[in-house]
Amino acid sequence: MKNAQTETHAPVAAYGAGAVRWRRALSPTGDVGDAIFRSALFLCALLMIALLAAMIVAMAYRARLSFAEFGLGFLWSRAWNPVAGEFGALPFIYGTVVSSLVALVLSVPLSIGVAIFLVEQAPKKIARPIAFLVDLLAAIPSVVYGLWGIFVLAPFVREELGPPLQRAFGWTPLFQGTITGIGMLTGGIILAIMITPIISAVVRDVLAAVPMTQREAALALGATKWETTRVVLANGAPGILGAVILGLGRAIGETMAVTMVIGNRPQISLSLFDPAYTIASVIANEFTEATGDLYLSALIELGLILFLVTFVINALARLLVWSVARRTRSARA
């Protein structure tokens, strides 16, 4: 009789053991609620990956006509004539890269200087309101920056900034040509203002994460305040580079503000005073006008290029930020 009962309960016991192993595989505690919660979070993560993959696949599918017609030559072709069915991405890639580089040259020194002041120099009662005002720049809508650029920045570049630059550096191709106030330089300045809060915020976090023992050790060895700050910057160098790359990704993807001040002309010119075009701007301006299938496919391929470049830049920035975080934890240990 005991043998029969044992045989009857054996499958139940085996099933119960399997359920326990399943729960422990999903949660270290083996609790049912924890296992369900962890599974739900895992599904959310998979959903985000699936959405990202679906976006890439959908855009690649809609750009198949452009792929078939132009191939890789689309990347270095300078022609953009929708009437004749000629499309090339090089003027827009050039405008995107140059405007973003101009923004970085203007923004990085300012952003790092603001972060150093707020973390290393300013007292808290001053640092907090200044940090709030800098972060507030990130909350201003892009179209507001564009309007400000049209009515304030463009006249300033045309009348106050452009002529001295041309007199001083007119011997270089960068500052030749007619100064209209609408062009690559104005677009770069707008982008610099827009990415400064992002770079500054990340650099502040990186500098604040450097262990205080590093500063105390430098001061104990007789270092000045500036020398101590250099030690802090050396410890946070990977994170600072990550902040710069994150700002670059933001500048590359900006649309409305740049569209309103860059001039929107598909040309490649060395002069920063001349109008230009970016990938985001051409998509915003011409997507509603794309009546032909090939025209629409070319614009979608431009969007795919912009998407992939931005994705790679942001991924690289995250890796660099994680690197400095690991170094900081190791130093504290």
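Going by the structure above, here's the rest.
Here's a quick rundown of the structure. (Residues numbered from 1 in each chain as written. Predicted model: local features only at pLDDT ≥ 70, side-chain atom pairs only at ≥ 80, totals over all residues. Heavy atoms only, no water.)

1. With respect to the layout of surface pockets
We apply this condition: Only protein atoms enter the 1 Å grid used here, on which a cavity is any set of points holding a 1.4 Å probe that cannot leave and a pocket is any open set flanked by protein within 12 Å on both sides along at least five of seven lines; residues with an atom within 4 Å of a point are listed as lining. Grid points are joined across faces, edges and corners, and a volume is the space filled by probe spheres set on the points. Only DSSP runs of H or I reaching four residues or more are called helices, and only runs of E reaching two or more are called strands; each is numbered from the N terminus. Classes in brief: Ala, Val, Leu, Ile, Met, Phe, Trp, Tyr, Cys and Pro nonpolar; Asp, Glu, Lys and Arg charged; the others, Gly included, polar.
A volume near 220 Å³ is recorded for the largest pocket. Every residue along the wall of the largest pocket is listed here: L118, V119, E120, Q121, A122, K124, A127, R128, A131, R204, D205 and A208. When contributions to the lining of the largest pocket are tallied by element, the ones reaching two or more residues are α5 (90-121), α6 (124-136) and α8 (184-209). Taken as a whole, the second largest pocket encloses approximately 160 Å³ of empty space. Around the second largest pocket sit I93, T96, V97, S100, L101, L248, I252, I279, I305, L306, V309 and I313, which together line it. Among the secondary structure elements, those contributing two or more residues to the lining of the second largest pocket are α5, α11 (237-253) and α14 (293-332). The element best represented in the lining of the second largest pocket is α5, accounting for five residues. Residue classes in the lining of the second largest pocket are distributed as 10 nonpolar, two polar and no charged.

2. Considering a nonpolar patch on the surface
We count it as follows: Exposure above 30% relative accessible area and the lack of any salt bridge qualify a residue for a patch; like charges then connect within 9 Å, and the nonpolar side chains Val, Leu, Ile, Met, Phe, Trp and Tyr within 5 Å. Accessible surface area values rest on a Shrake-Rupley calculation with a 1.4 Å probe, where residue burial reflects the displayed protein chains alone. Should a side-chain nitrogen of Lys or Arg be within 4 Å of a carboxyl oxygen of Asp or Glu, the pair is scored as a salt bridge. Type-normalised accessible area, obtained with a 1.4 Å probe on protein chains alone, sets the label of each residue: buried when under 20%, exposed when over 50%, and partly exposed for intermediate values.
There is a patch of nonpolar side chains on the surface, built from L137, I140, V143, V144, L147, W148, I150, F151, V152 and M256 and spanning about 820 Å² of accessible area. Assessed through its relative accessible area of 31%, I140 is described here as partly exposed.

3. Description of the packing of aromatic side chains
Definition in use: The pairing test for Phe, Tyr and Trp rings, Trp by its six-membered ring, is centres within 6.5 Å, and the orientation test on the planes gives stacked under 30 degrees, edge-to-face over 60, and tilted for anything in between.
Following the criterion strictly, the structure yields nine aromatic pairs and no others. With a centroid separation of 6.1 Å and 75° between ring planes, the pair formed by F70 and F87 is classed as edge-to-face. One end of the pair, F70, is in helix α3 (residues 64-70); the other, F87, is in strand β2 (residues 86-87), with 17 residues separating them in the sequence. Using a relative accessible area of 3% as the deciding quantity, one classes F87 as buried. Both rings, one in F87 and one in Y295, keep their centres 5.3 Å apart while their planes meet at 25°; by these two values the pair is stacked. In this pair, F87 is assigned in strand β2 and Y295 in helix α14, connecting sequence segments 208 residues apart. For the pair F87 and Y295, one class covers both residues: buried. A network of ring pairs unites the aromatic residues F70, F74, W80, F87, F92, Y277 and Y295 as a single cluster.

Such coordinate-based values are descriptive only and should not be taken to indicate function.
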